[in-house]
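The primary structure of each chain is shown beneath.
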Amino acid sequence: MVNAEEGEEEEEEGEAAAGEDCCGKCKKRVQFADSLGLSLASVKHFSDAEEPQVPPAALSHLQSPPGEERDPPPPGGDPAPPALLLVPDFPDVGEPTAERLRRQRVCLERLGRPAAPTDVRGTVQVLGGPGLKEVTVRYTFNEWLSFVDVPAAPLPPDPPAERYGFTLCVPPSLREGSALHFAIRYRSAQGEFWDNNGGRNYTLRCCGCPGGGPAPPAAAPPPPAAPRY
């Protein structure tokens, strides 16, 4: 005969087991609510054709504070700095003669005029011959403390000369009064040859042109001795 206490214990154990079995099958869910009992977050899915509307209150936090806003420039303020051009600082002797080309084997043909402030373009003539050829332009912006070699690309020939074109990229940090120096190197089966403007290198001066044309270069002390190619 089962007494009352044993019956109560069996009932409690059965309820505990049922609770454990229920908890094992059911997932716990936690939901956060504000002071009014409303959900703190809501999710809305938009289709590709819909454009979500951002509340003005949210956009106001993305705007710069009044102290960081820039005032518009006053009328009649400082004018924009003049445009800069790279102006050749060597005489234009025209296209190389046949005698000069035979003597040097490589000659500067011409530069684009006026030289663009963002790059320098030009053409080169070399004396044709058998075998592989390589034409490069060596240039510097810091008086030959460092330099860059740029390969020239072949162009339609003009017998007996072969023609090449080149482009020199100009850094945006170039300032008025600075200079670009360059020389041309030609390698072939016959050897290595240079056109360095008779030992002086080819030089372009960075000049302002407020009136629409190139201004004369600003007076400056002579640069330090530079290597000649």
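We now turn to the structure provided with this report. Not measured: the values here are computed from a predicted model. (Residues numbered from 1 in each chain as written. Predicted model: local features only at pLDDT ≥ 70, side-chain atom pairs only at ≥ 80, totals over all residues. Heavy atoms only, no water.)

**Side note on the overall build of the protein**
Along the protein, the regular secondary structure elements total three helices and 10 strands. When the helices and strands of the protein are listed from N to C terminus, the series reads α-α-β-α-β-β-β-β-β-β-β-β-β. Buried residues in the protein amount to 27% of all 229 residues. Long-range pairs, those at least 24 residues apart, make up 65% of the contacts in the protein between residues at least 6 apart in sequence. With the model as given, the accessible surface of the protein reaches about 16600 Å², and the carbon-plus-sulfur share is 57%. (Helix = DSSP H or I, 4+ residues; strand = E, 2+ residues; numbered from the N terminus. Buried < 20%, exposed > 50% of the residue type's maximum accessible area, 1.4 Å probe, protein only. Contact = heavy atoms within 4.5 Å. Areas by Shrake-Rupley, 256 points an atom, 1.4 Å probe, with all protein chains shown as cover.)

**What to know about the pattern of salt bridges**
For the structure shown, the criterion picks out 11 salt bridges. R163 is paired through a salt bridge with E109; the nearest N and O atoms lie 3.1 Å apart. Here the residue R163 occupies a position in strand β7 (residues 161–169), and E109 occupies one in strand β2 (residues 106–111), the gap between them amounting to 54 residues. Take R163 and E109: they sit in the same class, and that class is buried. The salt bridge involving R185 is made with D149; its shortest N-O contact spans 3.9 Å. Of this pair, R185 sits in strand β8 (residues 179–188) while D149 is found in strand β5 (residues 148–151), placing the two residues 36 residues apart along the sequence. Each of E95, E109, R110 and R163 takes part in one network of salt bridges that share partners. (Salt bridge = Lys/Arg side-chain N within 4 Å of Asp/Glu carboxyl O.)

**Details of the sheet that holds strand β3 (residues 119–127)**
Reading across the sheet, the four strands line up as β2-β3-β7-β6 and stay open at both edges, with antiparallel pairing between neighbours. Each end of this open sheet is capped by a strand with a single partner; those strands are β2 and β6 (153–158). The mean inter-strand angle of the sheet, taken between neighbouring strand axes irrespective of direction, is 30°. Note: β6 against β7, four bridges, orientation antiparallel. Directly across from P154, in β7, lies its bridge partner Y164. (Pairing = 2+ DSSP bridges. Axes fitted to C-alpha atoms, helices over the stretch in contact; angles between N-to-C directions.)

**A look at the packing of aromatic side chains**
Throughout the structure, instances matching the rule amount to six aromatic pairs. Ring centres 6.1 Å apart and planes at 35° place the aromatic pair Y186 and F193 in the tilted group. As far as the burial class goes, Y186 and F193 line up, both buried. The structure contains a cluster of three or more aromatic residues connected by ring pairs, namely F90, F166, F182 and Y202. (Phe/Tyr/Trp six-rings, centres within 6.5 Å; stacked < 30°, edge-to-face > 60°.)

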